[in-house]
Amino acid sequence: MLHSIMGNAIEINNVSKIYTKVKALDNVSFSVPEGVLYGLIGPDGAGKSTLYNILTTLQHPDSGSAFVAGYDVVKERKEIRTEVGYMPERFSLYPDLTVKENLEFFASLFGVRVKDNYDLIAPVMAQLEKFPNRRASALSGGMKQKLALGCALIHRPKVLLLDEPLSNLDARLRLQTREEIRRIQKETGITTIFVTHDQEEAMSISDMIVVMKDGIVQQIGKPQEVYDNPANLFVAKFLGTPPINVFDGQIRDERLYIGEDAVMELKNAENREVYVGIRPEGFLLREDGPFQCGLSGIEVMGRDISVLCTNKASLNPTVRAIIGTENNINIEKLSARFALAPHKVFLFDKETEKKAEFDR
């Protein structure tokens, strides 16, 4: 029986999955509206692939419910497989069939012809068009991955589910292919879930991201909003390249201290110990800045300079500050002083690690 809720292409309601007493998914709930691209991200063990397997009907949830393209993942598996395009991390091609034959086979499963929908996959297939008669077994890993994506899209699915779709591509092909996926998704309006451990990859193409850890959804939101307003210390540390700098800090008399340095005034803030997260771009090089770090080196990155520092209160081995090349920094000095951009500074409760709000 067709199930539809407010134009959502995917509905996940309180889904849990347990493997030998380990909760792979713990009461996961979120909806994906029609026509958008959601990035599902998190480290190994976050539950991303388990959720992917449930949405693709390969596994059943132990509790809760899920619907894809309006169909129940447990009761209507056949209908889902007709409406959805899949690309698992370990993609399945027929090694003895050629590029052309693989496309034709997957198209035939859905009663369509390759030529009817080739315009959709042409950008993905561009590098394979020279080898229509080459067997899939003779293709490189990257070319196999591109062919698998073409096979997943050939029937113009209503929903596209991708599990680490770019893992076998080199850096240049990853960038090119993710741009192709985004262009195809925007032009066709195919609702897409993009599973990846690469937060930069997900943030670059997703309308929304779902950040997971240990089977629990940590935060859902637009990529930039989640980056700028992380719900907890894990999210803050997981998003961002270079990663956020984390320090032991204290609030005393409405001032934020890192070590002995009073780095920022905080209005109406109670005295307590906190974790202080500072994005690398939140450091402002100032001779009279309130925050001092030991200077250990610099890395010139073209438009920016990465200043490598040390600080006794830092939980990171190295403190990284990203500053513009217009700044003059004397590497021969033993230390550097910084002011801090308030909107790039986050405080987290020492016990719960949840973000603490404060008046800047």
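Our subject is the structure listed above.
A brief report on the enclosed structure follows.

### Section: the environment of leucine 295
For leucine 295, the location among the structural elements is in strand β16 (residues 291–300). On a C-alpha basis, the gap between leucine 295 and methionine 203 in space is 31 Å, while along the polypeptide they are 92 residues apart. Excluding residues that lie within four positions of it along the chain, leucine 295 makes contacts with Val307, Leu308, Cys309, Ile329, Asn330, Ile331, Lys333, Leu334, Ser335 and Ala336.

### Focus on the packing of aromatic side chains
Under the defined criterion, the tally for this structure stands at 8 aromatic pairs. An angle of 20 degrees between the planes, with centres 5.7 Å apart, marks the rings of phenylalanine 234 and phenylalanine 238 as stacked. Taken together, the residues span about one helical turn, with phenylalanine 234 and phenylalanine 238 both in helix α9 (residues 233–238) at a distance of 4 residues. Neither phenylalanine 234 nor phenylalanine 238 differs from the other in exposure class; each is buried. Between phenylalanine 283 and phenylalanine 338 the ring centres are 5.3 Å apart and the planes differ by 70 degrees, which places this aromatic pair in the edge-to-face class. Here the residue phenylalanine 283 occupies a position in strand β15 (residues 283–285), and phenylalanine 338 occupies one in strand β19 (residues 335–340), the gap between them amounting to 55 residues. Residue phenylalanine 283 is classed as buried on the basis of its relative accessible area, which comes to 2%. One aromatic cluster is present, formed by Phe247, Phe283, Phe291 and Phe338 through successive ring pairs. When the ring centre of tyrosine 257 is taken as reference, the NZ or CZ atom of arginine 252 above it lies at 3.9 Å. Cation over ring: arginine 279 sits above tyrosine 227, and NZ or CZ is 3.9 Å from the ring centre.

### Considerations on the side chain of aspartate 72
Residue placement: aspartate 72 occurs in strand β5 (residues 71–72). Look at aspartate 72: it is buried, it has no salt bridge, and the nearest opposite charge is lysine 75 at 4.8 Å. Of the polar contacts made by the side chain of aspartate 72, one reaches the backbone nitrogen of lysine 75; its length is 3.2 Å. Residues in contact with aspartate 72, not counting those within four places in the same chain, are Ala66, Phe67, Arg77 and Ile80.

Cut-offs applied
- Residues numbered from 1 in each chain as written.
- Predicted model: local features only at pLDDT ≥ 70, side-chain atom pairs only at ≥ 80, totals over all residues.
- Heavy atoms only, no water.
- Helix = DSSP H or I, 4+ residues; strand = E, 2+ residues; numbered from the N terminus.
- Contact = heavy atoms within 4.5 Å.
- Phe/Tyr/Trp six-rings, centres within 6.5 Å; stacked < 30°, edge-to-face > 60°.
- Buried < 20%, exposed > 50% of the residue type's maximum accessible area, 1.4 Å probe, protein only.
- Lys NZ or Arg CZ within 6 Å of the ring centre and 35° of its normal.
- Lys, Arg positive; Asp, Glu negative; His and termini not counted.
- Salt bridge = Lys/Arg side-chain N within 4 Å of Asp/Glu carboxyl O.
- Polar contact = N/O pair within 3.5 Å; in protein donor to acceptor, adjacent residues only side chain to side chain.

In short, geometric facts, not functional conclusions.
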